[in-house]
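Chain by chain, the residues:
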Amino acid sequence: MNLAVQSDEELLAGYAAILSRLKELIKEDLMVLITDKTHILYFYPGYKLNASNMQLVGLELPADDDLGRCVRTGESNTELRPKEAFGVPFLAMTAPIHNSRGEIIGCVSIGRSMEKEANLEEASQSLAASLQEVNAGLQEIASGSQILSSKINSVVQSANDSAVKIKEVNQVIRAIADVSAHSNLLGLNAAIEAARAGEQGKGFAVVAEEMRTLARQSKDSAKMVTEILTQMKDSIESIIWEVDQIGGIAGNQAASTQEITAALEEISENSQTLVEHAKIKIENR
């Protein structure tokens, strides 16, 4: 049939015949609504975009909505609609229908489901928020690791200082041991001289014996202290080694955490870019 001689009703019916199968043709969740200049003539629901609880066909076009303005002014319009209207968010695209004489005889409105895009945006925002939380936690761990490493270094320094003090004490003990040895030698010499003096040297012999006794006690005490200090030195060296190992682990942990933090920051930035891209894509449809 020649379109030039089609009536307005036939032309609108032709639009309806084609657009009624649009969702199957392009495999999208679409709903289609076709009007004449005063009423809604056809409505084809989408898969989820469905107004089954609403009787749309036959409704008069409100003058203040997209359909009314479209048939009145001939202006096309694209607008993102919330999910409250049809259960899922959708992009409403409205355009006038002209006859062969260029007159507006109605309009067509196609609603495309934006559920996937909305879910993508929501998931991306949730991912970005989760990554920010993880990033904040890792930064706190990294900061704690650095503080721990600093504290460990302080402990190592204190242990090294203690080891130095032990060496100094050992020098004092060696000096005491030398005094003890000399005292013992002097006591022995005094005892020999007292024996030579006979009866007159008995009192001196008692003093000499006491000196030798004190010398032996000093020697034994110095030996005991030396053994204790040696054990302390060994323990401190072991502590230094263990703490040094912990310090290395803490340092590696801080470095690894910083690397993870940097990677998460990059992922977070990419997620944010994805969110912005999804928003732009939705808005531009």
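Fair warning: this is a prediction, and the values are worked out from it, not measured in the lab.

1. Points about the sheet that holds strand E2 (residues 40-44)
Strand pairs in the sheet, formed through backbone hydrogen bonds, run parallel or antiparallel to each other. An order of E2-E1-E5-E4-E3 is seen for the five strands of this open sheet, with the pairing classed as antiparallel. Of all the strands in the sheet, just E2 and strand E3 (77-81) have a single pairing partner and so form its edges. Across the sheet, the mean angle separating the axes of adjacent strands is 15° when strand polarity is ignored. By the bridge criterion, four bridges tie strand E1 (residues 30-35) to E2 in an arrangement that is antiparallel. Bridge pairing links Leu33 to Phe43 in E2.

2. Brief notes about the packing of aromatic side chains
For the coordinates displayed, the defined rule picks out one aromatic pair. Judged by centre distance (6.4 Å) and plane angle (10°), the rings of Tyr42 and Tyr44 are stacked. Exposure remark for Tyr42: the relative accessible area of 26% places this residue in the partly exposed category. The partly exposed category is assigned to Tyr44, whose relative accessible area is 23%. Its end group placed over the ring of Tyr47, Lys23 keeps NZ or CZ at 4.8 Å from the ring centre.

3. Quick notes on the layout of surface pockets
Remark: the empty space left among the atoms is shown by a probe the size of a water molecule rolled over them. Here the largest pocket defines a volume of roughly 360 Å³. Around the largest pocket, the lining is made up of 22 residues, and of these Leu33, Leu67, Arg81, Phe86 and Ser109 lie nearest the centre. Elements that contribute at least two residues to the lining of the largest pocket include exactly E1, E2, helix H3 (66-73), strand E4 (90-98) and strand E5 (104-113). Residue composition of the lining of the largest pocket, grouped by class: 15 nonpolar, three polar and four charged. What lines the second largest pocket is simply Lys27, Glu28, Asp29, Tyr47, Lys48, Arg112, Ser113, Glu115, Lys116 and Glu117. Of all the secondary-structure elements, those providing two or more residues to the lining of the second largest pocket are E5 and helix H4 (115-197). It is H4 that contributes the most residues to the lining of the second largest pocket, three residues altogether. Its residues placed into classes, the lining of the second largest pocket shows one nonpolar, one polar and eight charged.

4. Structural notes on empty space enclosed by the protein
In this structure the tally under the stated criterion is one cavity of 30 Å³ or more. Lining the largest cavity are Leu19, Ser20, Leu22, Lys23, Leu30, Met31, Val32, Tyr44 and Pro45. The element best represented in the lining of the largest cavity is E1, accounting for three residues. Of the residues that constitute the lining of the largest cavity, the class distribution is seven nonpolar, one polar and one charged.

5. Concerning the environment of Pro96
Tracing the chain through its elements places Pro96 in strand E4. With a relative accessible area of 16%, Pro96 lands in the buried category. On a C-alpha basis, the gap between Pro96 and Cys70 in space is 5.9 Å, while along the polypeptide they are 26 residues apart. Once residues lying within four places of it in the same chain are set aside, the contact partners of Pro96 are Cys70, Gly74, Glu75, Ser76, Ile104, Gly106 and Cys107.

How each quantity is defined
Residues numbered from 1 in each chain as written. Predicted model: local features only at pLDDT ≥ 70, side-chain atom pairs only at ≥ 80, totals over all residues. Heavy atoms only, no water. Pairing = 2+ DSSP bridges. Helix = DSSP H or I, 4+ residues; strand = E, 2+ residues; numbered from the N terminus. Axes fitted to C-alpha atoms, helices over the stretch in contact; angles between N-to-C directions. Phe/Tyr/Trp six-rings, centres within 6.5 Å; stacked < 30°, edge-to-face > 60°. Buried < 20%, exposed > 50% of the residue type's maximum accessible area, 1.4 Å probe, protein only. Lys NZ or Arg CZ within 6 Å of the ring centre and 35° of its normal. 1 Å grid on protein atoms, 1.4 Å probe; cavity = no way out; pocket = protein on both sides within 12 Å on 5 of 7 lines; lining within 4 Å. Points joined across faces, edges and corners; volume = space filled by probe spheres on them. Nonpolar A, V, L, I, M, F, W, Y, C, P; charged D, E, K, R; others polar. Contact = heavy atoms within 4.5 Å.

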